[in-house]
Amino acid sequence: MKKIFLFLFLLSLSLPVSAKITASVNRSVATEGQSIELKVTSDTKMNGTPNFNILSDNFVLGGQSTLQNTSIINGKMQTAYTAGINLIPLKTGDITIPSLTWENEKTQPITLIINPVSAKADNTDLFIKADMNPKTVYEGQEVIYTVSVFDRSGLTDGDFTAPILKGAEIQAIRDLPLTTVQENGKTYHKFSRQYVIFPDKSGTFTVQPSTFRGHVYQERTGVSQDVFSSFGFEPGFIYSNMASQQKEVFVRSEPMVLTVKERPTFMQGKWWLPSTNVVMEETFTPIQNEIKAGDAITRTITVRARGVLGTKIPDLKMSDTPFFKVYPGQSKKENFVDEKGLIGIMEQSFVLVPVQNGTATVPPLTMTWFDVATGTEKTASVAGKTFQIFGAPTTAVQETPYQSADTVKAAPLLPPERPFYAKENNWLFFVAGFTVGFMATVILFFAAMMRPSHRKKKKAPIADLYPNDLKR
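Computed from a prediction, not measured in an experiment: that's the story for all the values here.

The next thing to look at is the confidence of the model for the protein. Mean pLDDT over the protein: 77, with 73% of residues reaching 70 or higher. Here residues 237-244 is a poorly scored stretch, pLDDT under 50, and it has ten contacts once near neighbours within four places are set aside; other chains count. Here residues 395-424 is a poorly scored stretch, pLDDT under 50, and it has 15 contacts once near neighbours within four places are set aside; other chains count.

This part covers unusual backbone geometry. For the bond from N133 to P134, the omega torsion is -5 degrees, close enough to zero to count as cis. The residue P134 is located in the loop between β10 (126-133) and β11 (136-138) in this model. Note that the residue after T285, namely P286, is joined by a cis bond; omega there is 0 degrees. Tracing the chain through its elements places P286 in the loop between β21 (278-285) and β22 (290-292).

Over the atoms rolls a probe the size of a water molecule, and its path tells where empty space is left. Within this model, the second largest pocket holds a volume of roughly 540 Å³. Together, 22 residues line the second largest pocket, and P89, L90, T161, T211 and F250 are the ones closest to its centre. Broken down by secondary-structure element, the contributors of at least two residues to the lining of the second largest pocket are β5 (76-89), β13 (155-161), β17 (211-217) and β18 (246-252). In terms of residue count, β17 provides more of the lining of the second largest pocket than any other element does, five residues in total.

A separate point is the sheet that holds strand β16 (residues 203-207). If you trace the three strands from one edge of the open sheet to the other, you get β11-β19-β16, paired in mixed fashion. Unpaired on one side and paired on the other, β11 and β16 mark the two borders of the sheet. Averaged over all pairs of adjacent strands, the angle between strand axes in this sheet comes to 30 degrees, irrespective of strand direction. Where β11 lies against strand β19 (residues 256-261), three bridges are found, and the strand directions are parallel. Looking across to β19, one finds that Y138 is bridged to K261.

This brings us to the side chain of S275. For S275, the position within the fold is in strand β20 (residues 274-275). Here the side chain of S275 touches R306 through a polar contact of 2.6 Å, landing on its backbone oxygen. Residue contacts for S275: discarding those within four places in its chain leaves A305, R306, V308, W369, F370, D371 and V372.

As a further point, take the packing of aromatic side chains. Going through the model one piece at a time under the given rule, you end up with eight aromatic pairs. On the basis of an interplanar angle of 45 degrees and a centroid distance of 6.3 Å, the ring pair of F266 and F370 is categorised as tilted. Placement of the pair is F266 in the loop between β19 and β20 and F370 in strand β28 (residues 365-371), with a sequence separation of 104 residues. Judged by its relative accessible area of 41%, F266 falls in the partly exposed class. Their ring planes at 70 degrees and their centres at 5.6 Å tell us that F284 and F387 sit as a pair that is edge-to-face. Highlighted residues: F284 in strand β21 and F387 in strand β30 (residues 385-390), separated in sequence by 103 residues. The exposure classification of F284 matches that of F387, with both residues buried.

Rules behind the numbers
Residues numbered from 1 in each chain as written. Predicted model: local features only at pLDDT ≥ 70, side-chain atom pairs only at ≥ 80, totals over all residues. Heavy atoms only, no water. pLDDT = per-residue confidence, 0-100. Contact = heavy atoms within 4.5 Å. Helix = DSSP H or I, 4+ residues; strand = E, 2+ residues; numbered from the N terminus. 1 Å grid on protein atoms, 1.4 Å probe; cavity = no way out; pocket = protein on both sides within 12 Å on 5 of 7 lines; lining within 4 Å. Points joined across faces, edges and corners; volume = space filled by probe spheres on them. Pairing = 2+ DSSP bridges. Axes fitted to C-alpha atoms, helices over the stretch in contact; angles between N-to-C directions. Polar contact = N/O pair within 3.5 Å; in protein donor to acceptor, adjacent residues only side chain to side chain. Phe/Tyr/Trp six-rings, centres within 6.5 Å; stacked < 30°, edge-to-face > 60°. Buried < 20%, exposed > 50% of the residue type's maximum accessible area, 1.4 Å probe, protein only.

And the structure:
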């Protein structure tokens, strides 16, 4: 019996233990933008984490965590293993968290109710506004989207999300300075951020709103903030170091309609650069007007286009000329932001190498663009520059004495190379002859010394005369 019991005990240890996993949330009813904490708990140690990525269609996936908790209940030790993640809903209405898998074990689905929020908070202490200018544009034209949060509740942190428009390029360009404004007879701190939107096709579209999510200090029951406000303190100042009193806030702007017009037919096939102003400038290095042939000249073109991304400014082309060999360099494109918006900058260089003498003109360059303010085509240009080139190989006319002036031949730049045996080099023959004679004498002398008559005879070794006797 002892052997049977021991066998069953060891068998129970070798059998796989089925883990039990459950999923839970800290709230099943939430407001749009409100964070939801999802936990998946197992009573057996698990590897990795559940497949949270399947939630990305309906939620913004936040930070993840893992936790191991051991407790003793009725004298029995129990350990729970938890994987958690913060979720922010992307939709309103009923959203289902599907069954999650963790090492072949699955949880039960969870249904959430997400309520929408209005652009203005119920207590009017925190609200959001957005503005878009202009609201009717051409394809690729810049739209300035400005979103602002008005706060008198004591924000501690927070951030914006960008507006959404499919088929458009959207970039944040700057945060505006914090200001204090009056709205409806109340004083607010105003936080603003600007985005640029570049729609790439024509039609009528809805720009999905921007949002702001942050934290404020929550009021404590029984303490009136008006008491401290009467002394000039900001609401909630007394709780500024109490992180436990923070609560999450979320506001969303209203959607906006954007109308995008097609590019004019007279601009088809040309550079499409919708802007309010385009300027071209050029510089030359070196700056002097006289250039020696073979020395390089660098021509640098700078294009500045307001309301255009630098990457949208087309590269320029410059071909060889009779006086210059042209080597184009890579363009450098970047963006600059001022109080009026975005400015795209493109800088491109060309290296010019003069190849012949004379008066040489670097040709002008032009760039066509579309003025969105007037609806007309315009041209930006640089004029080029004239240089005097010297020092290149030239040809000179030399009259032959034995011919008439009508039958002359161009003289080469350098005189023909004379053979080494020319008359003025006769001394080389003397040196070469003396050297050859001396070497021949030395060779004959050593050859004579090596003849047998001049070597002393030596007796042959005994081993050579009687080899067999020595072997015996």
